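# Understanding the architecture of this molecule
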Amino acid sequence: MKRDIQRIALITSPTLGQYRLSLLNYLESLLNKHNVQYLVFSVSMVDKDRIASIDNAFSPDAFVITSCPRLPIDDLSDYHKPVITPGELIMVLKKELSEYMFPW
């Protein structure tokens, strides 16, 4: 059974160089266009406990890390739900596979 994404947790960071407002704004507009519910969470450090806390509070289908593009790649096995890059979210929502761009 195919299931569309319904809820996304957008995770950003207040840390200088990690807060990417233009990317966050673009993702929000794309999620709105596709009628996907989302919340933005600002955390200074992403780890299993923070992901679990966000999951307990919001229960998203996936987490999108907008701060450090390496977290979803390097620590993939640490998480119980999909933790993806902004580029991966864009490809899923647009339903098109494009050349992967790093860093997202």
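Check the entry above for the structure.
Below is a short write-up of the structure. (Residues numbered from 1 in each chain as written. Predicted model: local features only at pLDDT ≥ 70, side-chain atom pairs only at ≥ 80, totals over all residues. Heavy atoms only, no water.)

Inspection of every chain in the model, using the stated rule, returns two salt bridges. With a shortest N-O distance of 3.4 Å, Arg 50 and Asp 47 are connected by a salt bridge. (Salt bridge = Lys/Arg side-chain N within 4 Å of Asp/Glu carboxyl O.)

Counting 14 residues, the largest nonpolar core has Ile 8, Leu 10, Leu 27, Leu 31, Val 64, Leu 89 and Leu 93 as the members making the most contacts within it. Only β1 (7-12), α1 (21-33), β3 (62-65) and α4 (86-94) provide two or more residues apiece to this core. With five residues, the single largest contributor to this core is α1. Once residues lying within four places of it in the same chain are set aside, the contact partners of Leu 31 are Ile 8, Leu 10, Val 36, Tyr 38, Leu 89 and Leu 93. (Core = buried A, V, L, I, M, F, W, Y, C linked by side-chain atoms within 4.5 Å. Buried < 20%, exposed > 50% of the residue type's maximum accessible area, 1.4 Å probe, protein only. Helix = DSSP H or I, 4+ residues; strand = E, 2+ residues; numbered from the N terminus. Contact = heavy atoms within 4.5 Å.)

Taken as a whole and judged by the stated rule, the model has one aromatic pair. Taken together, a centroid distance of 6.1 Å and an interplanar angle of 55° make the contact between Phe 41 and Phe 58 tilted. Note that Phe 41 is positioned in strand β2 (residues 37-42) and Phe 58 in helix α2 (residues 48-58), a separation of 17 residues in sequence. An identical accessibility class is assigned to Phe 41 and Phe 58; each is buried. (Phe/Tyr/Trp six-rings, centres within 6.5 Å; stacked < 30°, edge-to-face > 60°.)

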